[in-house]
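Overview (structure and organization)
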Amino acid sequence: MHPRRRRNTALSVAALALAGTTLGMYAPSKALSPLTWSSSSGSPGAVVEHGSDAVVRVASRVFGLSGRLRVVVADPSQTVQLPLEWVQAASPLDVAYRWEPVSGTQMRLLTGEGQLAHGLFAPGSAGIWRLNLRGSDWAQSLENLSVITRVPFAEKRGGYLNGYRIGTYPTETAPRGASYAPPAGFIEVTPENQDLFVSEHFRLRNFLTKDQFSVWPKYLALDLRLIDKLELVIQELNAMGIRAEHVAVMSGFRTPAYNIQGVGEGGRALLSRHTYGDASDVWIDNDQDGYMDDLNGDGRRDTEDARVMLRAVDRVERRFPELTGGAGIYRDNGAHGPFIHIDVRGNPARW
């Protein structure tokens, strides 16, 4: 869908990223050609020419280090930052904004629009949103990035959130530092939005806890640094000459109630990174047969193929130390094939 001008001139579609807690104002750029971001561009996050009427240009960094992120997570009613460069002689001081609910989101509160000069405020309720901008003689719908507002953790009651069982985080009553504090909030996943792409290769539903199949809505803690790292691992494998097109996610977010069922010697950790939404158990499955592919070409599909993935993880962490975390290789046990655990806990760990 193309944005609209009052004079019926088509504007190119730009993407938006929201991060941080304050609004940053950007001075108009003087010599920029009309540009917009394109997912089909040759290099990750590249900016490519597209039309002659673009009002804004989006910094490629907002799509993550991989250039493949497709969502931003925000908290309801909080101020957020707009990293836009103004291509034409437009001023952000004259721009109004409005949030449009998408992917089945219902507008529950009559909030979600205002003037950028006063700061950009996220919608006041949980959902998936598209941002519309409007100047004195132009309008632009920012469609290449979805904005997700999550449900605050404080809305959880007695281990449940809106009928969905989450359980209790051990650190709710016995704090152990910021890295183990309960998540600030949860993404509400519905039948309508479960297929939303959070990045080029991953959807919301890939990271849901594997239980309560008939309960909707479901809730998900998800750290976008994990998604960015997984996309970088895919890119690294392909750079190493190893085909990586489809990644199977065996386990993403695990609620504490689900995780506690496997806690014990040789099992899950009580403070598993999975319960914080920054860990996943994955394997490369290009043919989507449910089993690790033969990545090293030795004619077998075993932990040596997971070790190939580990080498890609190591290379990604050397290039991007801010994504440092844990990685561990697991064998086929009869119930599943070999896989690798990847997380972004902040300190290096290998097993």
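Residues numbered from 1 in each chain as written. Predicted model: local features only at pLDDT ≥ 70, side-chain atom pairs only at ≥ 80, totals over all residues. Heavy atoms only, no water.

Take the overall build of the chain next. Secondary structure assignment for the chain yields three helices and 21 strands. Every one of the 351 residues in the chain was classed for burial, and the buried ones make up 52%. Carbon and sulfur atoms make up 49% of the accessible area of the chain, which totals about 15900 Å². (Helix = DSSP H or I, 4+ residues; strand = E, 2+ residues; numbered from the N terminus. Buried < 20%, exposed > 50% of the residue type's maximum accessible area, 1.4 Å probe, protein only. Areas by Shrake-Rupley, 256 points an atom, 1.4 Å probe, with all protein chains shown as cover.)

Attention now goes to the sheet that holds strand β12 (residues 151-152). Pairing between the strands of a sheet is mediated by backbone hydrogen bonds and can be parallel or antiparallel. Pairing in this open sheet of three strands is antiparallel, and the strands run β12-β15-β16 from one edge to the other. With one partner strand each, in any of the chains shown, β12 and β16 (218-220) form the two edges of the open sheet. (Pairing = 2+ DSSP bridges.)

In this section: the nonpolar core. One finds Phe-186, Phe-202, Phe-207, Leu-220 and Leu-237 to be the most contacted residues of the largest nonpolar core, which totals 61 residues. Broken down by secondary-structure element, the contributors of at least two residues to this core are β15 (185-189), β16, α1 (224-239), β17 (247-251), β18 (279-284), α3 (303-319), β19 (326-330) and β20 (339-343). One finds Ala-74, Tyr-97, Leu-120 and Trp-138 within the second-largest nonpolar core, a separate group that totals 15 residues. (Core = buried A, V, L, I, M, F, W, Y, C linked by side-chain atoms within 4.5 Å.)

Attention now moves to α1. Because an α-helix packs 3.6 residues into every turn, residues spaced three or four apart end up facing the same way. The end-to-end C-alpha distance of α1 is 23 Å, a good match for the 22 Å that 16 residues give at a rise of 1.5 Å each. When you tally the buried positions in α1, you get twelve out of 16 residues, the bulk of the element. Every buried residue of α1 is accounted for by Leu-224, Leu-226, Ile-227, Asp-228, Lys-229, Leu-230, Glu-231, Leu-232, Val-233, Ile-234, Glu-236 and Leu-237. Where α1 is buried, its residues meet β4 (71-74), β17, β18, α3 and β20. (Expected span 1.5 Å × (residues − 1). Contact = heavy atoms within 4.5 Å.)

If you walk across this open sheet you meet the five strands as β4-β11-β10-β7-β8, and the pairing is mixed. The strands lining the two open edges of the sheet, one partner per strand, are β4 and β8 (113-115). Sheet twist, expressed as the average angle between the axes of neighbouring strands with direction ignored, equals 35 degrees. (Axes fitted to C-alpha atoms, helices over the stretch in contact; angles between N-to-C directions.)

Our next topic: the packing of aromatic side chains. Under the criterion given, the structure shown has nine aromatic pairs. Centroid distance Tyr-180 to Tyr-276: 5.8 Å. Interplanar angle 80 degrees. Geometry classified as edge-to-face. Pair noted here: Tyr-180 is in the loop between β14 (164-165) and β15 and Tyr-276 is in the loop between α2 (256-259) and β18, with a separation of 96 residues, a long-range link. Of the residues examined, Tyr-180 reaches a relative accessible area of 22% and is grouped as partly exposed. (Phe/Tyr/Trp six-rings, centres within 6.5 Å; stacked < 30°, edge-to-face > 60°.)

This brings us to the environment of His-246. Take His-246: it is sitting in the loop between α1 and β17. According to the relative accessible area criterion, His-246 is partly exposed, its value standing at 27%. Separated by 42 residues in sequence, His-246 and Gln-288 place their C-alpha atoms 7.4 Å apart. Residue contacts for His-246: discarding those within four places in its chain leaves Trp-283, Ile-284, Asp-285, Asn-286 and Gln-288.

A separate point is a nonpolar patch on the surface. On the surface, Ile-260, Val-263 and Leu-270 cluster together into a nonpolar patch covering about 240 Å² of accessible area. For Leu-270, the location among the structural elements is in the loop between α2 and β18. (Patch = residues over 30% accessible without salt bridge, like charges linked within 9 Å, V, L, I, M, F, W, Y side chains within 5 Å. Salt bridge = Lys/Arg side-chain N within 4 Å of Asp/Glu carboxyl O.)

Bridge count for strand β7 (residues 96-102) against β8 is three bridges, and the pairing is antiparallel. Residue pairing for β8: Ala-96 is matched across the bridge by Gln-115. Pairing geometry for β7 and strand β10 (residues 127-134), over seven bridges, is antiparallel. Bridging across to β10, Tyr-97 finds its partner in Leu-133.

Contact geometry for α1 and α3: axes closest at 9 Å, N-to-C directions at 115 degrees. Considered as vectors, α1 and α3 are oriented roughly perpendicular to each other. Between α1 and α3 lies a crossing of right-handed hand. Residue-level contacts link Lys-229, Leu-232, Val-233, Glu-236 and Leu-237 of α1 to Val-308, Met-309, Ala-312, Val-313, Arg-315, Val-316, Glu-317 and Arg-319 of α3. Partitioned by chemical class, the residues of the contact of α1 with α3 number eight nonpolar, no polar and five charged. (Parallel < 35°, antiparallel > 145°, perpendicular 65-115°, else oblique. Left-handed = near helix turned anticlockwise from the far one by under 90°. Nonpolar A, V, L, I, M, F, W, Y, C, P; charged D, E, K, R; others polar.)

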